[in-house]
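Structure assessment
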Amino acid sequence: MTVTRRIAALFTVKANKALDRAEDPREMLDYSYSKQLELAQQVRRGVADVATSRKRVQLQLAGLQQTSGKLGQQAQQALAIGREDLAREALTRRTAALAQCADLEVQETSLQAEEEKLTLASHRLQAKIDAFRTSKETIKATYTAAEAETHINEAVSGISEEMGDVGVAMQRAEDRTEQLQARAGALDELMASGALRDASSPVVHDELQSQLNAVAGTGEVEAELIRIRAELAQAPAPTALEAHPSPVGTAPATSQEATS
């Protein structure tokens, strides 16, 4: 295949795909219906033209018939006054008029048949157009319902272009939120460990001061422990009774029992 043919084939494929995306069956149906209406209008116009021609022939025929009758009367009048020459002329004209009447009658019959034929064709065409209109509206309604159902299913499943963009935006927002939360948590840990300082705090702390404060706090705790131990050492020892209390519900022993 030559380069030119390949380019032509590629262009044809691209054009067909573009037409498939741009083509709407409903518009094509409406266009076909409008063309059929135009055809029906042309047929009706043809019927009207044939009827007009037939009517014109009828008028001409009526005029010739009237003329031929008048010529016949004139021939009789000419013979009555002895003018055979005038009578012959009138009869000659009458014969020509009758011949024209015969031709017009043939034309009238032909036009009448053509008019009836076109009228029947017009009625059949109109019936087909009415049936096509019903089918067209049914197909359009079915196509519209199928298109709406497809869009709904695509939106529900998330495979439509609009919902796909929404899903991508939501995923990006979630990723950004997680990133910010992780960053905030890391900053909190760094500030708690002293690796970072609070820039809004009026007192400036350094790492050395933090260690000194920690040592001072440890010394205070040790001093408090020593004081508590000294207080416990100075406290009097508990008596035997205090050390061994009587069981609950038993009466205390008397002095005699204690002496014995």
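Above this note sits the structure.
Let me sum up the structure you'll find in this document. Quantities reported herein were computed from a predicted structural model and do not represent experimental measurements.

On a plain count of helices and strands, the chain comes out with seven helices and zero strands. Put simply, the chain runs from its N terminus to its C terminus through helices and strands in the order α-α-α-α-α-α-α. Sequence separation of at least 24 residues holds for 78% of the intrachain contacts in the chain that already meet a minimum separation of 6. Here the chain has roughly 20,900 Å² of accessible surface; of this, 58% comes from carbon and sulfur atoms.

Turning our eyes to something else, we now look at the packing of aromatic side chains. Using the criterion set out here, one finds one aromatic pair in the structure. Judged by centre distance (6.5 Å) and plane angle (15 degrees), the rings of Tyr33 and Phe132 are stacked. Remark: Phe132 occurs in helix H3 (residues 84–157) and Tyr33 occurs in helix H2 (residues 25–80); sequence separation between them is 99 residues. Residue Phe132 is classed as partly exposed on the basis of its relative accessible area, which comes to 22%. Here the guanidinium or amino end of Lys136 rests over the ring plane of Tyr33, the centre of that ring lying 5.0 Å away.

Here the focus is the side chain of Glu108. Summarising the element assignment, Glu108 is placed in helix H3. Buried Glu108, no salt bridge; nearest opposite-charge side chain is Arg54, N-O distance 5.2 Å. A polar contact is formed between the side chain of Glu108 and the side chain of Gln58, at a distance of 2.8 Å. When neighbours within four sequence positions are excluded, Glu108 is seen to be in contact with Arg54, Val57, Gln58 and Leu61.

Before going further, it helps to spend a moment on the side chain of Ser122. With respect to the helices, strands and loops of the structure, Ser122 is situated in helix H3. Among the residues examined, Ser122 registers a relative accessible area of 11% and is labelled buried. When sequence neighbours within four positions are dropped, the list of residues in contact with Ser122 reads Val43 and Arg44.

A few words now on the packing of H2 against H3. Two elements in contact, H2 and H3, have axes separated by 6 Å at closest approach and are oriented at 165 degrees. Judged on the interaxial angle alone, H3 and H2 are roughly antiparallel. In this structure, H2 meets H3 at a crossing whose hand is left-handed. For the contact of H2 with H3, the per-class residue count stands at 32 nonpolar, 17 polar and 15 charged.

Each value, and the rule that gives it
- Residues numbered from 1 in each chain as written.
- Predicted model: local features only at pLDDT ≥ 70, side-chain atom pairs only at ≥ 80, totals over all residues.
- Heavy atoms only, no water.
- Helix = DSSP H or I, 4+ residues; strand = E, 2+ residues; numbered from the N terminus.
- Contact = heavy atoms within 4.5 Å.
- Areas by Shrake-Rupley, 256 points an atom, 1.4 Å probe, with all protein chains shown as cover.
- Phe/Tyr/Trp six-rings, centres within 6.5 Å; stacked < 30°, edge-to-face > 60°.
- Buried < 20%, exposed > 50% of the residue type's maximum accessible area, 1.4 Å probe, protein only.
- Lys NZ or Arg CZ within 6 Å of the ring centre and 35° of its normal.
- Lys, Arg positive; Asp, Glu negative; His and termini not counted.
- Salt bridge = Lys/Arg side-chain N within 4 Å of Asp/Glu carboxyl O.
- Polar contact = N/O pair within 3.5 Å; in protein donor to acceptor, adjacent residues only side chain to side chain.
- Axes fitted to C-alpha atoms, helices over the stretch in contact; angles between N-to-C directions.
- Parallel < 35°, antiparallel > 145°, perpendicular 65-115°, else oblique.
- Left-handed = near helix turned anticlockwise from the far one by under 90°.
- Nonpolar A, V, L, I, M, F, W, Y, C, P; charged D, E, K, R; others polar.

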